[in-house]
Amino acid sequence: MIKGNFNIKKIEIDEKDNNQKELEALIAKAGAGSHMIFRSEDKDDELFLDEL
Amino acid sequence: MTDKNQINVNDKIFEKLTKLKNAMGSKDKDWNNWFDDLITEIKDDTTSTIELIFKKNVYEKFYDVWIQNFASNLNNIWNDHSVRELSLNNTTANGMPSIVIGRGPSLFEKNHLKILSESRFDGNIICTDGVLIKALESGVTPEKFKNFYVVTIDAQDHIKEFYNDDIVSRYGNKINCIFSSTISPETYNVAKNNKMKIFWLHALFDYNKTKTSFNYMANIMTKTYNHEKGLPAIQTGGNVGTSSWMIAWSILKSPTIVLLGIDHGYPDTMSWDEIDKYHKIPSDVDKTSKSFKNAYPTIYNPDFDCYCKQDPIFQYYSKALIEFIPRAPSWVNTINATGGGSIFGPGITCMNFKKYLEKNNF
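Residues numbered from 1 in each chain as written. Chains lettered and ligands numbered in written order. Predicted model: local features only at pLDDT ≥ 70, side-chain atom pairs only at ≥ 80, totals over all residues. Heavy atoms only, no water.

### Observations regarding the overall build of chain B
Then comes step 1: Secondary structure assignment for chain B yields 14 helices and 13 strands.
Then comes step 2: For a compact globule of 362 residues, the expected C-alpha radius of gyration is about 21 Å, and chain B comes in at 22 Å, within 12% of that figure.
Then comes step 3: By its C-alpha atoms, chain B is 75 × 50 × 45 Å across when sized along the principal axes.
Then comes step 4: The long-range fraction of contacts in chain B, counting pairs at least 24 apart against all pairs at least 6 apart in sequence, stands at 68%.
Then comes step 5: Total accessible area on chain B is roughly 17,200 Å²; 50% of this is exposed by carbon and sulfur atoms.
Then comes step 6: Charge centroids of chain B, computed over 41 positive and 41 negative side chains, lie 3 Å from each other. (Helix = DSSP H or I, 4+ residues; strand = E, 2+ residues; numbered from the N terminus. Rg over C-alpha atoms; globule rule 2.2 N^0.38 Å. Contact = heavy atoms within 4.5 Å. Areas by Shrake-Rupley, 256 points an atom, 1.4 Å probe, with all protein chains shown as cover. Lys, Arg positive; Asp, Glu negative; His and termini not counted. Charge placed at Lys NZ, Arg CZ, Asp CG, Glu CD.)

Pasting the structure below:
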């Protein structure tokens, strides 16, 4: 006879995670435009730079 | 509207809402404030997700193209003009108003090109590339409006078609083109053949003050005897409409910028089939799902008292423009004269276009 001592946990599917994944998949399929928003750690640099 | 609107929910839902409100540490907050926080949080969550996904996708799709295009354009950049030259005679004290023209549905629905062509407006016209041909055909020409600009930032070859028309050729020598250093050389060639005057700038995408960013390296390469400091660089906000708004104040020093056809959305009366012609909607999507409602929301524009449908691309664009407008210098006044769309909020004056023209004797 084989004895087992398994910890059985019920896996709860997180509805929020599923919704988020579904949303991300939909957004990815919706296209991406052709340019991107520029983000910088220095907020003053984000809009316009006369000289780089 | 009354100050006591009622929402009917059953006991079970009310109990769930109360539990959630308490769990979020908002036990003492009134329901209005809590709902407001919740809506903002949901919206910010979605728009942040969109921004992250789009950033990744755009990088994957276009980064190499930007570098290749830049290399091909370099010789022309050295020999042509910098947008900095357009700033020389403009100061914040003498800058003229600018009208930025996008090609959103409101432009045609509200006949704004015809209204503009019949006006006495004498400031800058800044056309986004996609609407150039329509604008010229509608009488919005550089013969009537002397300070006429068209902007391109996108890198794809097909953008050349926006310049490939007899009417562009006819007015070409009176039109100033503002081009990002990463546009397709094919677009450049069509514009040049139409005798358009070219002014270059950089589109910001990876500048981080280190010597490893492509923006930094590209600028070093553009430095020549006639561009001693290289080229100025702008935030594009992901699209040519936002780029044009940036150019209006940062380069042309316009104290007033009027937006036409910059809707970043669709009228709520437009069907999804119709919307699909602007930006493709994934064919297998369940339009009743929660995720669809988050990705394709209908929003209320309180300034024009109308509803507006959005898709992920327009959520991405509008979030940025709405964020950037109040961050512009305090002397910049942005007027949304589209009559609808999603651009409203702090720092944005929404006004009927005819009213703007009348008020300023245009």
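Don't stop here, the text continues.
### Structural notes on the overall build of chain A
Then comes step 1: Along its length, chain A carries one helix and one strand.
Then comes step 2: Burial statistics for chain A: of 52 residues in total, 33% are counted as buried. (Buried < 20%, exposed > 50% of the residue type's maximum accessible area, 1.4 Å probe, protein only.)

### Considering the packing of aromatic side chains
The description of an aromatic ring pair uses the distance of the two centres, along with the angle that the planes make with each other.
Residues and elements named next belong to chain B.
Then comes step 1: On inspection of all chains with the given rule, the structure shows 26 aromatic pairs over all chains.
Then comes step 2: Aromatic side chains tryptophan 272 and tyrosine 296 sit 5.7 Å apart centroid to centroid with 85 degrees between the ring planes, which places their arrangement in the edge-to-face category. Highlighted residues: tryptophan 272 in helix 11 (residues 272-278) and tyrosine 296 in the loop between helix 12 (290-295) and strand 10 (298-301), separated in sequence by 24 residues.
Then comes step 3: Overall, the relative accessible area of 3% leaves tyrosine 296 in the buried class.
Then comes step 4: Each ring, one from tyrosine 300 and one from tyrosine 307, has its centre 4.9 Å from the other, and the planes form 45 degrees; the classification is tilted.
Then comes step 5: Taken together, Tyr59, Phe62, Tyr63, Trp66, Phe70, Phe205 and Phe214 form an aromatic cluster joined through their ring pairs.
Then comes step 6: Against the face of phenylalanine 145 rests lysine 144, its NZ or CZ located 5.5 Å from the ring centre.
Then comes step 7: Cation over ring: lysine 309 sits above tryptophan 272, and NZ or CZ is 4.6 Å from the ring centre. (Phe/Tyr/Trp six-rings, centres within 6.5 Å; stacked < 30°, edge-to-face > 60°. Lys NZ or Arg CZ within 6 Å of the ring centre and 35° of its normal.)

### Focus: the side chain of asparagine 69 of chain B
Residues and elements named next belong to chain B.
Then comes step 1: In this fold, asparagine 69 is placed in helix 2 (residues 31-79).
Then comes step 2: Classification of asparagine 69 as buried rests on a relative accessible area of 7%.
Then comes step 3: In this structure the side chain of asparagine 69 is engaged in a polar contact, spanning 3.1 Å, whose partner is the backbone oxygen of alanine 155.
Then comes step 4: Excluding anything up to four places from it in sequence, asparagine 69 contacts Ala155, Ser181, Thr182, Ile183, Ser184 and Pro185. (Polar contact = N/O pair within 3.5 Å; in protein donor to acceptor, adjacent residues only side chain to side chain.)

### Considerations on the nonpolar core
Then comes step 1: Among the nonpolar cores identified, the biggest contains 113 residues, and Ile101, Leu116, Leu132, Tyr163, Trp245 and Phe353 of chain B are the most heavily contacted of them.
Then comes step 2: Among the elements that line this core, the one with the most residues is helix 2 of chain B, at nine residues.
Then comes step 3: Leaving out residues up to four positions away in the same chain, isoleucine 101 of chain B has contacts with Leu107, Leu113, Leu116, Ile125, Ile126, Cys127, Thr128, Val131, Val140 and Leu260 of chain B.
Then comes step 4: Leu49 of chain A together with Leu204, Tyr207 and Tyr216 of chain B belong to the second largest nonpolar core, which has seven residues in total. (Core = buried A, V, L, I, M, F, W, Y, C linked by side-chain atoms within 4.5 Å.)

### A closer look at the sheet that holds strand 11 (residues 306-309) of chain B
Residue and element names in this part refer to chain B.
Then comes step 1: Pairing within the open sheet is antiparallel, and its three strands lie in the order 9-11-10. Because the sheet does not close on itself, it has two edges, and the strands there are strand 9 (266-267) and strand 10.
Then comes step 2: Looking at chain direction, strand 9 and strand 11 are connected through two bridges and run antiparallel. The residue bridging tyrosine 266 from the neighbouring strand is lysine 309, located in strand 11. (Pairing = 2+ DSSP bridges.)

### As for the state of the cysteines
Residues and elements named next belong to chain B.
Then comes step 1: In this structure the tally under the stated criterion is zero disulfides over all chains.
Then comes step 2: Not part of a disulfide, cysteine 127 finds its nearest cysteine sulfur in cysteine 177, a span of 11 Å.
Then comes step 3: The exposure class assigned to cysteine 127 is buried, which follows from its relative accessible area of 0%.
Then comes step 4: There is no disulfide at cysteine 308, and the cysteine sulfur nearest it, in cysteine 306, is 6.9 Å away. (Disulfide = S-S within 2.5 Å.)

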